[in-house]
Amino acid sequence: MHEDPNADAASEGFPTSGSESDNVYEAIFREMEDAVFLMDVRRTDDDYQFVFRRNNASHQRRTGLSDDELRGQTPRELLGDEQGAAVAANYRDCAEQRETIEYEETLDLPGGTSRWQTKLTPVVEDGEVAQIVGVARDITEQKQQEAELQRVYRRFETVMETMSAAVFLKDTEGRYLMMNQACRELFNVEDEEIVGLTDYDITPPDVAERARADDRQVVESGEIIEIEETIPTATGNTTRITRKSPVYDDNGEISAVCGVSTDITDQKRRERELQRLKERLELAVEGASLGIWDWDMRTDEVEFNDQWARMLDHSPDEVEPALDAWEQRVHPDDLERVETALNAHIEGETDRYDTEHRMRTAGGEWKWIRDIGEIVERNADGDPARAVGIHLDIDERKDYERTLERQRDNLEVLNQVVRHDVRNALQLVLAYGDMLEEFVEEEGDAYLRKILKAGREAVDITQTAGDVTKVLLRSETDRTPIPVRPVLEAQIDDVRANHERAIAAVDGPIPDVEVLADDMLESVFRNLLNNAVVHNDKELPELTVSAAVDDDVVRLRIADNGPGIRDEHKELIFEEGEKGLDSDGTGLGLYLVQTLVERYGGDVWVEDNDPEGSVFVLELRRPQ
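Residues numbered from 1 in each chain as written. Predicted model: local features only at pLDDT ≥ 70, side-chain atom pairs only at ≥ 80, totals over all residues. Heavy atoms only, no water.

Participant: Can you break down the nonpolar core residue by residue, with the values?
Facilitator: Ranked by internal contacts, the top residues of the largest apolar core, which has 39 residues, are Leu 521, Val 524, Phe 525, Leu 528, Tyr 600, Phe 616 and Leu 618. At the level of secondary structure, the elements contributing two or more residues to this core comprise helix 17 (484-498), strand 18 (514-517), helix 18 (521-534), strand 19 (542-549), strand 20 (553-560), helix 19 (588-600), strand 21 (603-608) and strand 22 (614-621). The element best represented in this core is helix 18, accounting for seven residues. Judged by nonpolar contacts, the second largest core, of 24 residues, contains Phe 52, Leu 79, Val 87 and Ala 95. (Core = buried A, V, L, I, M, F, W, Y, C linked by side-chain atoms within 4.5 Å. Buried < 20%, exposed > 50% of the residue type's maximum accessible area, 1.4 Å probe, protein only. Helix = DSSP H or I, 4+ residues; strand = E, 2+ residues; numbered from the N terminus.)

Participant: Outline empty space enclosed by the protein, supporting the account with residue identities and numerical values.
Facilitator: All told, the structure shown has five cavities of 30 Å³ or more when counted by the stated rule. What the largest cavity holds in volume is close to 160 Å³. Taken together, 16 residues line the largest cavity, and the ones lying closest to its centre are Phe 37, His 59, Tyr 91, Leu 107 and Leu 109. Put simply, the parts of the chain that give the lining of the largest cavity at least two residues each are helix 3 (57-63), helix 5 (75-79), strand 3 (101-109) and strand 4 (112-125). In terms of residues, the lining of the largest cavity owes the most to one element, strand 3, which gives four residues. Among the residues forming the lining of the largest cavity, the class breakdown is twelve nonpolar, three polar and one charged. (1 Å grid on protein atoms, 1.4 Å probe; cavity = no way out; pocket = protein on both sides within 12 Å on 5 of 7 lines; lining within 4 Å. Points joined across faces, edges and corners; volume = space filled by probe spheres on them. Nonpolar A, V, L, I, M, F, W, Y, C, P; charged D, E, K, R; others polar.)

Participant: Break down the sheet that holds strand 1 (residues 35-43) for me, with residues and values.
Facilitator: Strand order in this open sheet of five strands is 2-1-5-4-3, and the pairing throughout is antiparallel. Strand pairing shows two members of the sheet lacking a second neighbour, strand 2 (48-55) and strand 3, which therefore form its edges. With strand direction ignored, the average angle separating the axes of adjacent strands in the sheet is 35°. Sheet topology places strand 1 next to strand 2; seven bridges connect them, and they run antiparallel. Bridging from a neighbouring strand, Asp 40 pairs with Val 51 of strand 2. Against the sheet, helix 6 (residues 81-97) touches strand 1, strand 2, strand 3, strand 4 and strand 5 (128-138), its axis set at about 160° to strand 3. (Pairing = 2+ DSSP bridges. Axes fitted to C-alpha atoms, helices over the stretch in contact; angles between N-to-C directions. Contact = heavy atoms within 4.5 Å.)

Participant: Give a description of the environment of Arg 243 that names residues and reports values.
Facilitator: Secondary-structure assignment places Arg 243 in strand 9 (residues 236-248). The spatial distance from the C-alpha of Arg 243 to the C-alpha of Thr 262 is 8.7 Å, given a sequence separation of 19 residues. In this view, Arg 243 contacts Ile 224, Ile 225, Glu 226, Cys 258, Gly 259 and Val 260; residues no more than four positions away in its chain are not counted.

Participant: Go over the side chain of Thr 361, please, and point to the residues and values.
Facilitator: Looking at the secondary structure, you find Thr 361 in the loop between strand 13 (353-360) and strand 14 (366-378). Discounting residues that sit within four places of it in the chain, Thr 361 has contacts with Leu 312, Asp 313, His 314 and Lys 367.

Participant: Account for the pairing of strand 8 (residues 225-233), with residues named and values stated.
Facilitator: Where strand 8 meets strand 9, nine bridges bridge the pair, whose relative direction is antiparallel. Considered in strand 9, the bridge of Glu 228 is made with Ile 241. Following strand 8, the chain reverses through two residues before pairing antiparallel with strand 9.

Participant: Could you give an account of the pairing of strand 10 (residues 254-263), naming the residues involved and the relevant values?
Facilitator: Bridge analysis of strand 6 (residues 166-171) against strand 10 gives six bridges, and the strand direction is antiparallel. The residue bridging Lys 170 from the neighbouring strand is Val 257, located in strand 10. Taken together, the nine bridges between strand 9 and strand 10 define a ladder with antiparallel strand orientation. Residue pairing across strands places Pro 246 opposite Val 257, the latter belonging to strand 10. Following strand 9, the chain reverses through five residues before pairing antiparallel with strand 10; Gly 252 in that reversal takes a positive phi of roughly 80°.

Participant: So what's going on with the sheet that holds strand 15 (residues 384-393)? Residues and values would help.
Facilitator: An order of 12-11-15-14-13 is seen for the five strands of this open sheet, with the pairing classed as antiparallel. What marks the edges here is a single partner per strand, and that holds for strand 12 (301-304) and strand 13. For this sheet, the mean angle separating the axes of adjacent strands, direction not counted, is 25°. Against the sheet, helix 14 (residues 332-346) engages strand 11 (291-296), strand 13, strand 14 and strand 15, with an angle of about 155° to strand 13.

Participant: If you had to explain the side chain of Asp 215 to someone new, which residues and values would you point to?
Facilitator: Inspection of the secondary structure assignment puts Asp 215 in helix 10 (residues 205-221). A polar side-chain atom of Asp 215 sits 2.8 Å from a polar atom in the side chain of Lys 244. With sequence-adjacent residues up to four places away left out, Asp 215 is seen in contact with Lys 170, Asp 199, Lys 244 and Val 257. (Polar contact = N/O pair within 3.5 Å; in protein donor to acceptor, adjacent residues only side chain to side chain.)

Participant: Report on the environment of Asn 180, specifying residues and quantitative values.
Facilitator: For Asn 180, the position within the fold is in the loop between strand 7 (176-179) and helix 8 (181-186). Sequence separation between Asn 180 and Met 163 is 17 residues; the distance between their C-alpha atoms is 8.1 Å. Setting aside residues up to four positions removed in sequence, Asn 180 forms contacts with Met 160, Glu 161, Met 163, Ala 165, Ala 166 and Val 167.

The structure is reproduced here in C-alpha cells:
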C-alpha cells in the first residue's frame, strides 16, 4: 500500500491536485522566515466565525503556540475575550473587504508580549471568503529601536532649542532646512517658516554674500571651517564665531552644511578692554621705569621684563630667566636680610615681600633697588606656585637720604651749639647784669632792667629754638609713660623764679598720673606757662594751673588774666611763626606745643577766660 504524498496538504486545506506547485507551496509555508498562519472562515447569519487551522514553524517559535495548540481554536478561545475580539475584528475587515489588509498590533502570547506587523489575505472560493492567510512579522525590536530613536531625537531637539548658540542646517544651495530657537531669534524669524529661506532673505547683501562664499567652501572642500563674523541684529551688531561643517548622505556625498554660531561680543569687548589696560600698564611701567619679574616658584624660572635688565645696565638677552640671575646680583651683605623678608612672606607672616637692597650693575657698581612682590597663585595643597613683583630704582633717593642725614647731623651740631654755648653765654650776661644792680644809679636802672628782660627772652628763644630743631630732627616719637606731677611742678617753679613779678598759682592738687609722651613733655608745659606770662599786658601777670583726670585722658588748664585772643586768631596762633599777639616773640613756642601734642596723640586749644584773659586747654592720653 502506497502513502499519498498530498494527503497532508489536502488535510490542511491546500489544493490536492498533486501537482509539483502544491509541494512548492507547502515548502514555502513551512520554511518562510515570516510567521504564517491559516484559518478557516465560516459565514453565519449575521457574522463570521474564524477558526485557526495551522501555523508554520516560524509562527510557532515566535508565539510559543504549537500547531496542536492553535488548530481548531477561535481567536477568543486562543487569546481571551478582549484580545480575541480585537483580533477577530481585523479578520472580519479582511473578509468583508475581500482584499489584503495590513496593520500593527500588540499581542500577549505564551512567547511573551510582542509587537506585530500583520498582513491578512483572503482566499475566495465560489464567491465566498473561505480562508484567510496571515503573514506576521515580529517588529518588537524595531519598535523599541524606533522608540529609543524618538527619545534620543526629543532629547536632541530639547538640547538644540535650549542652546545659547545659534544652530542651523542648510542645503548645498544655501537654503535653510532647520534653525534652533537661538538662531531664529538672532535673525528675527521666530514667527516665519524658515525652510527655503536663504541668507539674502534675512541679512544684508554683503553679509549674505560672505556667508554664501563660506558655505561653498565647505561644500567644495569637505572641510570644517571656523570664521569670525559680524551679524547685524535689531539691537545692534554682534560678533560671532561660526563653525561650519559638511553633512554627508548615505552615499557619502555632501548634502548639507551644519553651522554652530556663538556670540562672542562680550568676549571681544573684554579683549579690547584688556588690550587697552595692557597698553596703559605698559605705558605706566615704561613711564615709571618699573622692572617686573614673574617667578614660577615650582621651577625657579623667572621672567624679567626689559626694564628690569636695563635698570642694571644689561640688555634683555644678557639676563638668564632664572632665580639665580637675581640672587647672584644682590649685594652679599643684603642677601640674608632679603631672604628673611622673602621667607616671611612665603610663610604667610607678611602681606607682601618688600625690601630695599643693593644690586650689582653690568659695570660692577652697586645700585639701590626697592623690591616688592606678592604670591599670586598657590597649588591645591596651599604651597606657593607663582609670585609677581617689581623693582624700583631708588638709588637717587638713597643719595638724597644720605645728604639729608649729613644735614641732620650738621643741624644737630648747630642745635647743641645754640642750646649750650649761646645759652651759657646769655646766662653769664644775666648773671653779671644782676650783679650790676647795686652799682647802677637810679637813672640807669630802667635800662638795666630792659637788658635783663631781653637777656631772659633770648634765653627762652634759644631754649625754644633748640626744642623745635630737636623735634624736626626726629622722624617719629616713641611714646612712653611719663609722670605728669614732677614735670609740671618743675616748670611752674621755673616760671616763679624767672618771672619775679608773675603770680603762678595751682588750683587744687596735681594728679599723680602718667601720660603717653617723651622727654620733651617739659617743653610743652614750659612754653604754655611762659606764653601766659610773656604775652600778658598787666603790671602783675597772674596764671592759674588746674588738672583733672578722665578715664583715658589728663586735662590741664592754664588760665591767665591777659588781653585774651580774638576768635579768628585762636586757630592761627598754633601755626609756625605766628606770634598770637602784638609782641616781640618768635611765634615758635605754641607751634612746638601743638607739634608735640599731636605726636603724643593728644589735643590742645584755647578758650576765653572769665572775666578776662585766655585759657589754654591741654589733653594728653593716659597709658591703657
